[in-house]
Amino acid sequence: MTPESSRPTARASGRVRARAVYPGSFDPFTPGHVNVVSRARALFDVRTLRAWRAE
């Protein structure tokens, strides 16, 4: 995940949250994918994993 993939979003409290989007087919889901998701948990407030079926 790069800084370009995150976008700050405003909250009612005024605090800015960092958002990360990690798209991919993840076919197969590897230990490398798990590593990226685990590291993102510590860096971003909101994490979205978008997966689709590879054909």
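Residues numbered from 1 in each chain as written. Predicted model: local features only at pLDDT ≥ 70, side-chain atom pairs only at ≥ 80, totals over all residues. Heavy atoms only, no water.

### Examining helix H1 (residues 31–43)
Counted at 1.5 Å a residue, the expected span for H1 with its 13 residues is 18 Å, and the 19 Å between its end C-alpha atoms agrees. Listed in full, the buried residues belonging to H1 are His-33, Val-36 and Ala-40. Angularly, the buried residues of H1 cover 60° about the axis, an arc narrow enough to put them on a single face. The outward face of H1, more than 90 degrees from its buried face, is lined by the exposed residues Pro-31, Arg-41 and Ala-42. (Helix = DSSP H or I, 4+ residues; strand = E, 2+ residues; numbered from the N terminus. Expected span 1.5 Å × (residues − 1). Buried < 20%, exposed > 50% of the residue type's maximum accessible area, 1.4 Å probe, protein only. Arc of directions from axis to C-beta.)

### Points about the pairing of strand S3 (residues 19–24)
In the case of a regular strand, side chains alternate between the two sheet surfaces. Only one face of S3 is buried: it carries Ala-20, Tyr-22 and Gly-24, and the other face, with Arg-19, Val-21 and Pro-23, is open. Direction of pairing for S3 relative to strand S4 (residues 46–51): parallel, over a ladder of six bridges. Among the inter-strand pairings, Tyr-22 is bridged to a residue of S4, identified as Leu-49. Crossover connection from S3 via H1 to parallel S4: handedness right-handed. (Pairing = 2+ DSSP bridges. Right-handed = clockwise from strand over helix to strand, strands pointing away.)

### A closer look at the confidence of the model for the chain
Confidence in the prediction of the chain, expressed as mean pLDDT, is 78, and 75% of residues score 70 or more. Within the chain, the element-level pLDDT minimum falls on strand S1 (residues 9–10), averaging 52, and the maximum on H1, averaging 90. Per-residue pLDDT stays below 50 along residues 1–5; that stretch engages in nine contacts with residues further than four places along the chain or on separate chains. (pLDDT = per-residue confidence, 0-100. Contact = heavy atoms within 4.5 Å.)

### Thoughts on the side chain of His-33
The topology assignment puts His-33 in helix H1. Excluding residues that lie within four positions of it along the chain, His-33 makes contacts with Tyr-22, Phe-26 and Pro-28.

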